Amino acid sequence: MRIKGILMVFLLVLVAACSSKSVETKDIEMKDVETKVPDVKNCPDAEIDYIDAFMWNDINYVHVGETASIPSPDASKVAKGKEVGEIGYTLTGHACMGYQMQNGDATFLPIGTKVYEAAGYKGSFRLLAGDKLYQANGNPKAKTVSDVYDMKGRVSRVSFESTNDGHLISYFSEEASKEFIDEYLALEYIGFDEIYKMGNGLGDEGKEFLRIHLNDGTSFRISYWTKENLISPGAAGTERLKTITLQQASRR
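Residues numbered from 1 in each chain as written. Predicted model: local features only at pLDDT ≥ 70, side-chain atom pairs only at ≥ 80, totals over all residues. Heavy atoms only, no water.

A.B. asks: Quick question: what am I supposed to make of the packing of aromatic side chains here?
C.D. replies: For any two aromatic rings, the description comes down to two numbers: the centre-to-centre distance and the angle of the planes. Overall, the coordinates contain 15 aromatic pairs when judged by the stated rule. Residues tyrosine 50 and phenylalanine 108 carry aromatic rings whose centres are separated by 6.5 Å and whose planes lie at 80° to one another, so their mutual orientation is edge-to-face. With tyrosine 50 in the loop between strand 2 (47-48) and strand 3 (53-56) and phenylalanine 108 in the loop between strand 7 (105-106) and strand 8 (114-118), the pair connects residues that are 58 residues apart, well separated along the chain. Under the relative-accessibility criterion, tyrosine 50 is labelled buried at 13%. (Phe/Tyr/Trp six-rings, centres within 6.5 Å; stacked < 30°, edge-to-face > 60°. Helix = DSSP H or I, 4+ residues; strand = E, 2+ residues; numbered from the N terminus. Buried < 20%, exposed > 50% of the residue type's maximum accessible area, 1.4 Å probe, protein only.)

Quick look at the structure:
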């Protein structure tokens, strides 16, 4: 039985949303990781399609990787900070379907992979591991989006991407980018599982892919369901946020 990538994204987000506490990276204390599940060859699930992610300090981090529109690996643009620990368990080749990620678990990173701070960012937002940049896709203790994404004063622009193949469509104006980010970061964070329920599954109608470009040259994509006015990583948008987005979309 092969589990599709989109299902694993949702499951991993749910794991992060159900977690309890988030603190700064410097406060993390990793416990010895024991073998928790039998080898995958003994499981009835055979093979599982994972996204590249790991769990640290009750937060699920997803690889911010190379894309067709962003050809340079983002990790090369972020300085490595101090070492904060290492991966203790790898799901691929070991975990059965239904296994829930725990702190120190990674989907692909090998056991022993060192985990580092991303210099200049809060550990609750970004970490480096295996020469790759990983970013939180939620935070169980966040009150606002700014508590999830440590990017206030760091955004250079916002752009639209195709929901079909991810290619760049157009940029927000400079003024609209700033207003959008200010409005976005102030939103109350309620978590992806909550907006998924609010949106009755969040379909494709009115869905926009937006890419947020940071001053250091890194970027990442968020999804905005304008029909339901719900936005990742887990917030209900304001009417002003929706108006800004639709006005910029009309300029494409």
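On we go.
A.B. asks: Is there a simple way to explain the nonpolar core in this structure?
C.D. replies: Soluble globular proteins: nonpolar side chains tend toward being buried together. In this structure, Tyr149, Met151, Phe180, Tyr184, Ile222 and Ile231 are the most contacted members of the largest nonpolar core, which totals 35 residues. Within the residue set of this core, elements represented by two or more residues are strand 8, helix 2 (145-148), strand 11 (155-161), helix 3 (174-185), strand 13 (207-214), strand 14 (219-225) and helix 5 (239-249). Once residues lying within four places of it in the same chain are set aside, the contact partners of methionine 151 are Ile181, Tyr184, Leu185, Ile212, Leu214 and Phe220. With 13 residues, the next largest nonpolar core counts Tyr61, Ala106, Leu109 and Leu127 among its residues. (Core = buried A, V, L, I, M, F, W, Y, C linked by side-chain atoms within 4.5 Å. Contact = heavy atoms within 4.5 Å.)

A.B. asks: Can you walk me through the sheet that holds strand 14 in this structure?
C.D. replies: As a general point, the strands of a sheet are linked pairwise by backbone hydrogen bonds and lie either parallel or antiparallel. Pairing is antiparallel across the open sheet formed by six strands, whose spatial order is 12-11-13-14-15-16. The open sheet is flanked by strand 12 (168-171) and strand 16 (235-236), the only strands paired with a single partner. Sheet analysis places strand 11 next to strand 13, joined by six bridges and oriented antiparallel. Note that in strand 13 the partner of valine 155 across the bridge is leucine 214. Sitting on the sheet, helix 3 touches strand 11, strand 13, strand 14 and strand 15 (230-231), and the angle it makes with strand 11 is about 95°. (Pairing = 2+ DSSP bridges. Axes fitted to C-alpha atoms, helices over the stretch in contact; angles between N-to-C directions.)

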